[in-house]
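Given next are the chains, with one letter for each unit.
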Amino acid sequence: MQPNTEPSEFENLHSMEIENPQAPYKMLERDVSLGNGKGNDLPSIELVFKEKAIPTWRNQLTIRAFVVSIVLGTLFTALAMKQSLLNGLANPINMYAGIVGFSCIKAWILIIDKCGILGPPFTRQENTFIQATVLGITGVTSSGGLSSYIFGMSHTVAKQRNPLIDDKLNIKNPSVGWLLAFYLTTSFVGLFFIMPFRKVIIVDYKWLFPSGHSIGYLINSIQAPLKTKFSRKQLTTFGKFFSFSFIWSGVMWLFSGGSNCGFSYFPLLGFKASDVGFYWDWAGTYVGVGMMCPYSTTISVLIGAIFGYTFMLPELSKKNGQWYTEDAKTENFRGYGAYKTLVSTSMILGDSVYHILKLIIIGLYRKLQDKDTATTLPVADSHSTAGSSALEIEEQFRTQNFLNDKFSTKYSFAVCAALMLVSIIVLPIIFPQVKWYYVVVMYTLCPLFAFSKIHAQGATDMTIVTANVGKIALFIFGSWAGVSRGGIIVALAANGVIGNFVSSASDLIVDFKTGYLTVSSPKSILVGKFTGIAVGCVITPLIFRYFQVTYPDLGINFSTYPVPFAGSTRDIAAFALEGPSVLPKYCLLFCYCAFALGIIINIIRDVLPNKWGRFVPIPLIMAIPLTVGSFLSVDLVLGSLVALIWRFKNKSQADVFIPIVGSALICGDGLWTLLSSVFFLINWKPPACVRFLENQMEE
């Protein structure tokens, strides 16, 4: 069913072209009653917005939104770079940047609206555009590697490493000129590659993307007109759990003043389980993700954690001195760390290979059968009946809006290919050590790595895949080039090329998820993301240059900004120069087995009937705890148990409010993360330390 495009009163008042959604909203209203909340009477979030027209994608691009985006993006970039240069830490949960960004955007908007500067309040579509633009700007900083692979190329870092490899072929000091060229060349390719897959990922696979999901519910909850009982209850529920999560995160911070201090190491399952990582960290974020994600995700994480930390890793630690000579507790690739990182990444890549082949085979089959995939999309139409649940109709309405904007697959891939060609020409000029055929292989691997990260983010929002993929890239290209041909620079550059591709593609899909929930145009989101990345490519090198000039000892151990991750990243590249032969015994064999297992398990899931196949764990998600830690499984299980009990007691209420409560828990925890980061930068430390110790007193 197509929206009515007749001019509305809003259009006449503001001289804007508007897509009037009243016809779809009437269909929603027909099937929804706010009375008893049973069966087809479930309340609808979108119905709350029935009196607000949806601007076209061009009218979602306003000057005020651009200005706010650039100001906030620049501020966040400076803060993020300062922290990364100081301690190199990057949280593995992607949602923090988005939620913190929206919180600051909302506060900024309220202030300037009160001053009467901008006139009408920002629409939820404008807020979504601002969100995409700000994350595009800050995304260049997070994936740009100025605290890792870029600064790892410098002579400052090289002269502090052992072994010392400081010949000209393996050194390149950062400067604004080549950084600008490098970012502009590599940061846009992933956007146009992933565009044709938005329908498959968001609509067909329905992957959750907790960060994008949470931001969407945050925008909807705050922007909703409080004219109905449901809208008021929605905002009240969100506010209660948001406040609880924020306050509780603050309380936990107060008692985390030291090593291994705080409630984050609560031995819920006992001290023996806690010793191998099965503790409860009391984080609202992970519990919220557990409430919202499918049970299959939680089960897969739990199985992976149990297998990895009660069998595989303990057995490998017993081989210290037999299969490898390094201390079993180290993360060095010569020892224990190689098994954790490479085996888990191999299973993730096997899962991704299967899904890519599956998409290609299904696409070719439909092509041969002359099937128009557009006719099978689950969009709202005139055949929807009152027998459909409100949630299903709301989903159809959002799907229709999301798919209304058409993108040419041919043009997307053509632009992507053109940008790759530019990279193949420009990168060897920036890095003479990087031959053109290295770049071709890099971009050949990029789709595989991109789907790996998108799947992991879609299921659990963990971005740890990026770090693992970077290590794989370092190893592949470092061993290929060798020290005599500048292998360290080749490896570090490959890390950057693949990382920028993967990050831009996955971040765009997360923003699409937010736009899907806020009924925003994918075109406006793409423009916002493109603009944000372009701005980020310019301001990121300039801010880094400021730190270089202001702090001449930048990167020196024990200085104000020691840039700790740059050295460790260069160490991995130097290690890779020796080739696969330096890996621990049987490591490659385990990697091959894990890769094959990732494919075989997926085949079993698809071959079995759905009633049995849904109980088969997902390989990619099983591999995540091996890198992140088994504590993740405890939080997800607790969140899933809360959701399960709630659905058992009142399924109709749970289906509506579980996403709201889960998003609120994530948002509250995320906002406290901003404050704790500020406290860290101004050297405010928690005042107390709480530790849980086993009672060893004799009777």
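Up top you'll find the structure we're talking about.
All of these numbers come straight from a predicted model, not from anything done at the bench.

Caption draft 1: Inspection of the state of the cysteines at higher detail. Under the definition given, this model contains 1 disulfide. Here Cys261 engages in a disulfide with Cys689; their sulfurs sit 1.8 Å apart. Negative torsions about the S-S bond denote left-handed disulfides, and the value of about -70 degrees found for Cys261 with Cys689 makes this one left-handed. Of this pair, Cys261 sits in the loop between helix H11 (229-254) and helix H12 (271-275) while Cys689 is found in the segment after helix H27 (651-681), placing the two residues 428 residues apart along the sequence. Of the residues examined, Cys689 reaches a relative accessible area of 38% and is grouped as partly exposed. This cysteine, Cys593, is not joined by any disulfide, and Cys591 carries the nearest cysteine sulfur, 9.3 Å off. Here Cys593 falls in the partly exposed class, since its relative accessible area comes to 46%.

Caption draft 2: Representation of helix H25 (residues 619-628) in the model. In terms of burial, H25 is a largely internal element, 9 of the 10 residues being buried. Among all positions of H25, only Pro619, Leu620, Ile621, Met622, Ala623, Ile624, Pro625, Leu626 and Val628 are buried. Remark: Gly629 follows H25 within two positions and exhibits a positive phi of approximately 130 degrees.

Caption draft 3: Region of interest: unusual backbone geometry. One non-glycine residue, Lys206, adopts positive backbone phi at about 55 degrees. Position of Lys206 relative to the elements: it lies in the loop between helix H9 (198-204) and helix H10 (210-223). With a phi angle near 50 degrees, Val563 is a residue other than glycine that sits in the positive phi range. Topologically, Val563 is positioned in the loop between helix H21 (522-550) and helix H22 (564-576). A residue is classified by how much of its surface remains accessible, and Val563, at 3% relative accessible area, is buried.

Caption draft 4: The nonpolar core, seen in detail. In this structure, Phe182 and Phe431 are the most contacted members of the largest nonpolar core, which totals 160 residues. Sort the elements by how many residues they give to this core and helix H20 (residues 487-517) lands first, with 18 residues. For Phe182, the residues in contact, after removing those within four places along its chain, are Tyr149, Ile150, Leu427, Ile430, Phe431, Ala493, Gly496, Val497 and Asn500. Core analysis: the second largest hydrophobic core is formed by 8 residues, Leu72, Phe129, Ile130 and Val134 among them.

Caption draft 5: Quick look at the pattern of salt bridges. Taken as a whole and judged by the stated rule, the model has 10 salt bridges. Between Arg161 and Asp571 there is a salt bridge, and its shortest N-O distance comes to 2.6 Å. Of this pair, Arg161 sits in the loop between helix H6 (155-158) and helix H7 (176-186) while Asp571 is found in helix H22, placing the two residues 410 residues apart along the sequence. Relative accessible area serves as the criterion here: at 23%, Arg161 is assigned to the partly exposed category.

Analysis parameters
- Residues numbered from 1 in each chain as written.
- Predicted model: local features only at pLDDT ≥ 70, side-chain atom pairs only at ≥ 80, totals over all residues.
- Heavy atoms only, no water.
- Disulfide = S-S within 2.5 Å.
- Helix = DSSP H or I, 4+ residues; strand = E, 2+ residues; numbered from the N terminus.
- Buried < 20%, exposed > 50% of the residue type's maximum accessible area, 1.4 Å probe, protein only.
- Core = buried A, V, L, I, M, F, W, Y, C linked by side-chain atoms within 4.5 Å.
- Contact = heavy atoms within 4.5 Å.
- Salt bridge = Lys/Arg side-chain N within 4 Å of Asp/Glu carboxyl O.

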